[in-house]
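Close look at the chain arrangement
Read off the chains here:
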Amino acid sequence: MVTRTKDNSLPDYIAMAVIILMAIGTVFVFSAGSNIGRELDLQRFYDFAVLRQILFFPLAVIVMYIASRFDYRRFRLAAGWLKSPVGYLLVFSIALLILVLFPQFAPEINRARRWFRIPAGPITVSFQPSELAKWAVIFFLTAFCDKFSADIKLYWRRFIPACLIIAVVVGLIITEDFGTAALISLLALLMLIIAGVKLWHIATLLPFGAIAFFAALIRSPARKMRIIAFLNPEKWADSAAYQANQSLIALGSGGLWGRGLGRGICKYGHLPADTTDFIFAIIGEELGFVGTAAVIGLFIVFVWLGILVVVRCRDRFGQLLAGGIVLTIATQAALNIGVVTVVLPTKGIPLPFVSAGGTSMLLSAAAVGVLINIAKQSSKEPLEDNE
Amino acid sequence: MKSVRIIIFFLLLLIVAFLSLAGRCFYLQYSRSGHYYSASTKQQLQKPQRGVILDCRGRVLAASNKIQTIFAEPRIIKDAKSISTKLAPIVNIGAQEICKLITESKNPGFAKIKLGAGANQCSAAGKIYGIGVQSNWERHYPMGPLTAHIVGFTSADNQGLDGTELQYNKELSGSAGQNIFFADASRRPIRLKQQNSVLTDGVGIILTLDTTIQQFARAELLNQYESIGAESAMAIVAEPETGAILALVSLPDFDPNDIRSADPNNFRNRAISDQFEPGSILKPIAAAIAIDAGVVGLDEKIFCEWGHYRGRGFGRIGEYGNHEFGDLTVREILVHSSNIGMAKIGQKLGKDKLYSGMKHFGFGKKTRVDLPGEVGGLLRPVQKWTGYSVTRIPFGQEISVTAIQLVRAFCILANGGHPIRPFLVKAMVDNDGRIIKLKRPSPAVGFVISPEVAQWIITDAMVGVVNEGTGKRAKLEKWRVFGKTGTANIAKSDGGGYDDDAYVASFIAGAPAEEPAAIVLVSIRKPNIKLGKGYTGGTVAAPVAAAILEKTLNYLGVPHNLSQNVAAF
């Protein structure tokens, strides 16, 4: 059914950009995770983020390939609520989000319940349901907006139900992971705007958003402290702004050309979360501006390719889905780099494809697989049933 | 199609965001790279001890002490509660509070528990797993405000910010950059960096300053400063032969141990950074230049126009206190401080000779004393002089000077005409007390004016000022004092003439006249005239200068050269 025309190389370019980013990520997770104090015990190799990432890289490529073979139109809700996987995906992730709040199922890590630990033989697989929920919301909203296309302008019958679904997901996440919750709300909002919701409909949500934001701020002194520290980093260099300050030191000390691959020194205990949220700073330290510019350049290329996919796609669902996928990944990347360069206050958002972390990497890879599928089909002849 | 346009708009917005983030990276990694590079090196280093600053008799003016900090390493602590309860009785902090410090620390390797802990506390705390002791340097200034402007102060990270601390920051700092290896945050060595270099502590600096004399000068000056409600005041005591500064006081001052609560305006060392029109105190210098140039004879009578001198190109000149003088010799002009006499001497001397003479005495350029923030005063280039300049500069108008420049000029007169450079740092010593560098300026070569003229000005004219003229209050029982008053109107800030209520009252004094051991300059800015305690150099500055001089000479054990005369009376 899917026939590729010869001049369509868009899918290959997308795959290439993403695989290069993953390769860079794997190399730097390996570099940042190096630790001279501990020896690597291959019996327990899955415990080491470094080695785990080497496993995830090929796995992610396979997932991406499989997802790209799956016709994206099967995600549509047009055929009926129960025929599309998006509904099940959403229900499944909401269930997981509820489960993760129970201490029997999920251990507390860094004072938050965000991960499942699933023992599987000798290894323990961690899984972060909020990552799945993010993609479930994006896919579901796209399908929802596609199904009701122009009806989305109806406030009570369409707009509010969509918002309620988002609110349930965000509400479940917000207590444990403020950053991801805020990201999901932002992306959902953008999706609704794209789908053509009236702006004053969205304006009615603003008071609720503001209340949620301030409530979250007041309930957590640490969060308030982070924002104060962000506004005044030098003063709190040893406490709340420690991470931000160390991130700037790592980035800045790299200079134009960097200290050289593997020669960075900030990863030795100075910069927390160096393999995950702050991997970009390690790239900056070891490869300098050349390295950071290359990573940013790859993301720009990815966004540009995304624009081409959207423009060439013939059906509205494909356009919305491609837009949503590219928007999600690129926004996340921009926020992460913003945090690392201390343009934004510290938030736990990983850099897509690059940061260590299996859930994020595999799910992003799957999403890109869907994007590739859209790209593959976009250059085909117009479909007969094109509305 | 509308949706597509919005998607493209958002995605283009993201591209713009990425480009600006790349710009931010460029800024951080190119423009600010040096800053962060040194910051990253610094946190891998062991800090050297900052050198001491001592006065000329070895009294400590600034020193760094080790203070112990007890800290926790949160990432290796599994049970913060039990560690907190163990630590609480040792450091006298509530267990709950400690627990909070540990769990809420953003730095996984360091959570400060207690600063400035005692030795017993440290050794007990160090035995608990996960608790460490770190030593840091803290700067102390035992003399407090007394030597504040000379010693200066440092920032929290031990960088000199003012005074000697700033001027000799490099030497005092030592070299931490040559430490031996990189360490990770758990202080485990990673690799050797430079095997051949070692951590070196900062060198000590010995000043020419004598705290005892400084104490005399500050006590006397502070007393007068407060009683006459002046805006600011300064005093300098120097050794004429070498230019060594024995005391330097600038009021108002501050306590370097507590710079956070000090008024930053008081950080300024006015003795080197305040320039003012000196007034009559400059007359002996101009007279010396004229005599040395041979344009005025010692016995020559100069007609002083009965107090009213006017002419084309230089306006009108009157005498202070509306005196009406007739024929005066140079000595009488100085003793009675005649403006008209000095104006005529200036005219006889001519622009070029007056200008080059003033330059040789060091006006219009910095003295290069070893303190930061010195200004050069103002002596306009001779091409810009008018008829006013040549008649005003000889009595100290149309020229701005600093106190340190006046001290240098009178040191030159007092030592027989040798040029000198005022200096504060005598030597540098290493940690074992060995002198590693002598900082005394090389001995002067040549003469600014002939020794005979200099000696005549000092022992004849300036002694006359104290014994018979405007400086009578500076007379001392045991030594023959030379001196000169100066009472200068402060020019109005809008440039229109002088302010009748605002004066700078100065006095320069030195003794013994035959072989001066010390000279003292006191300069008081804007005494409060309404208090009725006087405002002239002769009334407010001279007694202070005399008191400082007397105590200093006693302290230095300078032989009394007037004892026979006193006995003869």
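Residues numbered from 1 in each chain as written. Chains lettered and ligands numbered in written order. Predicted model: local features only at pLDDT ≥ 70, side-chain atom pairs only at ≥ 80, totals over all residues. Heavy atoms only, no water.

Digging into the packing of aromatic side chains
Any pair of aromatic rings gets described here by the distance separating the centres and the angle formed by the planes. Counted only if it meets this: Ring geometry is summarised as follows: Phe, Tyr and Trp rings, the Trp one being its six-membered ring, pair when their centres sit within 6.5 Å, and such pairs are stacked at plane angles under 30 degrees, edge-to-face over 60 and tilted between the two. Counting from the N terminus, the helices are the DSSP runs of H or I reaching at least four residues and the strands are the DSSP runs of E reaching at least two. Between buried and exposed lies partly exposed: a residue is buried under 20% and exposed over 50% of the maximum accessible area for its type, with that area taken using a 1.4 Å probe on protein chains only. Two limits define a charge over a ring: the Lys NZ or Arg CZ must be within 6 Å of the ring centre, and within 35 degrees of the ring normal.
All told, the structure shown has 19 aromatic pairs over all chains when counted by the stated rule. Each ring, one from F299 of chain A and one from F18 of chain B, has its centre 5.8 Å from the other, and the planes form 10°; the classification is stacked. Remark: F18 of chain B occurs in helix 1 (residues 2-31) and F299 of chain A occurs in helix 11 (residues 279-312); the pair is interchain, linking two chains. When sorted by exposure, F299 of chain A lands in the same class as F18 of chain B, which is buried. Seen in terms of ring centroids, F9 of chain B and F10 of chain B are 5.9 Å apart; in terms of plane orientation they differ by 50°. Their pairing is tilted. An aromatic cluster of at least three residues, connected via ring pairs, comprises F70, F75, W135 and F139 of chain A. Sitting over the face of the ring of F148 of chain A, R158 of chain A holds its NZ or CZ atom 3.9 Å from the ring centroid. Seen from the ring of Y309 of chain B, K344 of chain B lies directly overhead, with NZ or CZ sitting 5.1 Å from the centre.

Considerations on the layout of surface pockets
Over the atoms, a rolling probe the size of a water molecule traces out where space has been left empty. Residues and elements named next belong to chain A. Quick note on the threshold: A pocket here means an open set of points on a 1 Å grid, computed over the protein atoms alone, that has protein on both sides within 12 Å along at least five of seven lines. A cavity is instead a set of points where a 1.4 Å probe fits but cannot get out; residues with an atom within 4 Å of a point line either one. Grid points are joined across faces, edges and corners, and a volume is the space filled by probe spheres set on the points. Three residue categories are used. Nonpolar comprises Ala, Val, Leu, Ile, Met, Phe, Trp, Tyr, Cys and Pro, charged comprises Asp, Glu, Lys and Arg, and polar comprises the others, including Gly.
Within this model, the second largest pocket holds a volume of roughly 1,200 Å³. As for the second largest pocket, its lining consists of 39 residues, of which A181, A182, S185, L186 and G209 are closest to the centre. At the level of secondary structure, the elements contributing two or more residues to the lining of the second largest pocket comprise helix 5 (155-174), helix 6 (178-195), helix 8 (206-219), helix 9 (221-231) and helix 12 (316-340). The element contributing the most residues to the lining of the second largest pocket is helix 6, with 10 residues. The class makeup of the residues in the lining of the second largest pocket is 30 nonpolar, 6 polar and 3 charged.

Focus on a positive patch on the surface
As a reminder of what qualifies: Exposure above 30% relative accessible area and no salt bridge define the residues that can form patches, which grow by joining like charges within 9 Å and nonpolar side chains of Val, Leu, Ile, Met, Phe, Trp and Tyr within 5 Å. Only the protein chains shown count as cover for residues, and all accessible areas are computed by the Shrake-Rupley method using a 1.4 Å probe. For this analysis, a salt bridge means a side-chain nitrogen from Lys or Arg found within 4 Å of a carboxyl oxygen belonging to Asp or Glu. Under the convention used here, Asp and Glu are negative, Lys and Arg are positive, and both His and the chain ends fall outside the count. Lysine's charge is taken at NZ, arginine's at CZ, aspartate's at CG and glutamate's at CD.
Among the surface-exposed residues, K153 and K198 of chain A together with K2 and R5 of chain B lie close enough to one another that they form a single positively charged patch. Structurally, K198 of chain A is set in the loop between helix 6 and helix 7 (199-203).

Things to note about the packing of helix 11 (residues 283-293) of chain B against helix 17 (residues 451-467) of chain B
Residue and element names in this part refer to chain B. Applicable threshold: In this description, a line fitted to the C-alpha atoms serves as the axis of each element, helices being fitted only across the stretch in contact, and the angle between N-to-C directions of two axes falls anywhere from 0 to 180 degrees. Any angle that falls under 35 degrees is termed roughly parallel, while one over 145 is termed roughly antiparallel, one within 65 to 115 roughly perpendicular, and all others oblique. Crossings are sorted by hand: turned counterclockwise from the far helix by less than a right angle, the near helix makes the crossing left-handed, and turned clockwise it makes it right-handed. In this analysis, two residues are considered to be in contact whenever any of their non-hydrogen atoms come within 4.5 Å of each other.
Two elements in contact, helix 11 and helix 17, have axes whose closest approach is 10 Å; the angle formed by their N-to-C orientations is 135°. Classified by the interaxial angle, the pair formed by helix 11 and helix 17 is oblique. Crossing of helix 11 over helix 17 shows right-handed handedness. Of the residues in helix 17, those in contact with P284, A287, A288, I291 and D292 of helix 11 are V453, W456, I457 and M462.

So, the confidence of the model for chain B
As a note on interpretation, predicted positions should not be read in detail where pLDDT is low. Residue and element names in this part refer to chain B. Defined as follows: Per residue, pLDDT captures the predictor's confidence, and it can take any value from 0 to 100.
Per-residue confidence for chain B gives a mean pLDDT of 84, with 91% of residues at or over 70. Taken as a whole, residues 564-569 scores under 50 in pLDDT and shows 1 contact with residues more than four places along the chain or in a different chain. With pTM at 0.58, the complex prediction returns an ipTM value of 0.88.

Regarding unusual backbone geometry
Residue and element names in this part refer to chain B. In this chain, L251 is followed by P252 through a cis amide linkage whose omega measures -5°. Cis rather than trans, the peptide bond between A511 and P512 has omega equal to -15°. Mapped onto the fold, P512 is located in the loop between strand 17 (498-511) and strand 18 (518-525). Located in the positive-phi region is S337, a residue other than glycine, with phi close to 55°. With respect to the helices and strands, S337 occurs in the loop between helix 12 (330-336) and helix 13 (339-349). Residue S337 is classed as buried on the basis of its relative accessible area, which comes to 9%. Of note in the backbone geometry, R368 takes a positive phi value of approximately 65° without being a glycine. Relative to the helices and strands, R368 is located in the loop between helix 14 (351-360) and helix 15 (387-392).

Re the packing of helix 11 of chain B against helix 14 of chain B
Geometrically, a packed helix pair is captured by the angle between its two axes and the distance between the axes. Residue and element names in this part refer to chain B. For the pair helix 11 and helix 14, the least separation of the axes is 10 Å and the interaxial angle reads 120°. With respect to their mutual orientation, helix 11 and helix 14 come out oblique. For the element pair helix 11 and helix 14, the recorded crossing hand is right-handed. Residues I285, A286, I289 and A293 of helix 11 lie in contact with helix 14, whose contacting residues are K353, L354, G357 and M358. The residue makeup of the contact of helix 11 with helix 14, split by class, is 6 nonpolar, 1 polar and 1 charged.

Observations regarding the pattern of salt bridges
Residue and element names in this part refer to chain B. Considering all chains together, one arrives at 20 salt bridges over all chains under this definition. Put simply, R331 and E468 hold a salt bridge, and the shortest N to O gap is 2.9 Å. Note that R331 is positioned in helix 12 and E468 in the loop between helix 17 and strand 16 (482-491), a separation of 137 residues in sequence. Classification of E468 as partly exposed rests on a relative accessible area of 41%. Close ionic contact of E514 with R480 constitutes a salt bridge, the shortest N to O distance being 2.6 Å. Of this pair, E514 sits in the loop between strand 17 and strand 18 while R480 sits in the loop between helix 17 and strand 16; the two residues are 34 residues apart in sequence, bridging distant segments of the chain. Overall, E514 belongs to the partly exposed group, its relative accessible area being 43%. Connected through salt bridges with shared partners, the residues D55, R57, R59 and D210 form a single ionic network.

Some remarks on the side chain of D370 of chain B
Residue and element names in this part refer to chain B. Applied cut-off: Under the rule applied, a polar contact is a pair of N or O atoms within 3.5 Å (in protein, one hydrogen donor and one hydrogen acceptor; residues adjacent in sequence only if both atoms are side-chain atoms).
As for its position among the elements, D370 is in the loop between helix 14 and helix 15. Summary of buried charges: D370 has no salt-bridge partner, and the nearest side chain of opposite charge, R421, is 4.9 Å away. Looking at D370, its side chain comes within polar contact range of the side chain of Y168, at 3.0 Å. Reaching out from D370, the side chain makes a polar contact with the backbone nitrogen of V425 at a distance of 3.4 Å.

Considering the pairing of strand 7 (residues 204-207) of chain B
Moving residue by residue along a regular strand, the side chains alternate between the two faces of the sheet. All names here are of chain B. Our working definition: Only strands that DSSP links by at least two bridges are regarded as paired with each other.
Side chains G204 and I206 of strand 7 all project onto a buried face; the interleaved residues I205 and L207 project onto the opposite face, where all are buried too. Pairing analysis gives 2 bridges linking strand 1 (residues 53-54) to strand 7, with the strands arranged parallel. Of the residues in strand 7, the one forming a bridge with I53 is I205. Sheet analysis places strand 7 next to strand 14 (residues 425-429), joined by 4 bridges and oriented antiparallel. Bridging from a neighbouring strand, G204 pairs with V429 of strand 14.

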